[in-house]
Every structure is written in structure tokens, then in C-alpha cells.
Amino acid sequence: MWYNAFNMRQLILGIGKEALRQLFGLQKPRSGKLVLTRYAFQKMTEYKLDRETLENAFRHGRQAKAGKITHKYARYSVGLYYKRLDSPIQNPLEPETTYLITTCWRGR
């Protein structure tokens, strides 16, 4: 009896959290492995960005369009374009999705 009440409470809390997330536009951090193209690496060094900043922008940024993410910081913003890489053979031991960062920029 108490087991069903505990599961019901968890279910209601989960639904409530999901509703709040959707209402206020909060999103879960994106997961997956990031790979930079040579051009993206060149732009990253040109704008004096580091890999951690790009990864943070990818994980927590706002999706502007399909394949475009922007993230605002206190004094600047970072944007990037990405593509999802589909591997021909999915390794069951490593189901992590890989994303290719094609370009990035730093704005005001």
C-alpha cells in the first residue's frame, strides 16, 4: 500500500517538473560527444574562445533554429552551428550521439 503511494507521489512530482520545464522554457542539458571541424577550430581561436565555452554553449544554449544554438553570457554571447553525425554501425556499448560543430562565433 505505501509502495503505491510512494510511486504515485514520484509520478506526480515528475509530471509537475516536466510541466514547469515546458511552461518556462527550461531545458535539460544536451548530451553527446562534440567534434569540431577545422573551420570551427579556426573560428574558435580567432574569437579567443575555448573548448569548454563552446561545450557549455552547446549544452545549455538556446536553440534558435534547427542546427543553431546561441548562449548569452554577462558581457557577450556565443553561437554555433552543428550537425548530428549518424554512424553507419551503432556500437551498443557506446550509444552516445556525436555532434559536429561546423562553425562558431562570439557576439556582443
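About the cut-offs
Residues numbered from 1 in each chain as written. Predicted model: local features only at pLDDT ≥ 70, side-chain atom pairs only at ≥ 80, totals over all residues. Heavy atoms only, no water. Helix = DSSP H or I, 4+ residues; strand = E, 2+ residues; numbered from the N terminus. Buried < 20%, exposed > 50% of the residue type's maximum accessible area, 1.4 Å probe, protein only. Contact = heavy atoms within 4.5 Å. Pairing = 2+ DSSP bridges. Axes fitted to C-alpha atoms, helices over the stretch in contact; angles between N-to-C directions.

Asks: Looking at this model, I keep getting lost on the side chain of Lys43. Mind explaining?
Replies: Among the structural elements, Lys43 can be located in helix α2 (residues 38–46). Owing to a relative accessible area of 16%, Lys43 belongs among the buried residues under this scheme. Ignoring anything within four residues of it in the chain, the contact list for Lys43 reads Thr103 and Cys104.

Asks: I keep staring at the sheet that holds strand β1 (residues 33–36) and nothing clicks. Help me out?
Replies: The strands that make up a sheet pair up through hydrogen bonds in the backbone, lying either parallel or antiparallel. Strand order in the open sheet formed by five strands is β1-β5-β4-β3-β2, with mixed pairing between adjacent strands. A single partner strand is all that each edge strand has here, and the edge strands are β1 and β2 (62–65). On average, adjacent strands in this sheet sit at an angle of 40 degrees to one another, irrespective of strand direction. As defined by bridge partners, strand β3 (residues 68–72) adjoins strand β4 (residues 77–85) across five bridges and the pair is classed as antiparallel. Residue pairing in the sheet places Ile69 in a bridge with Leu80 of β4. The sheet contacts of α2 involve β1 and β5 (98–107), and relative to β5 the element is tilted by about 30 degrees. Set on the sheet, helix α3 (residues 51–60) makes contact with β1, β2, β3, β4 and β5; between it and β4 the angle comes to about 75 degrees.

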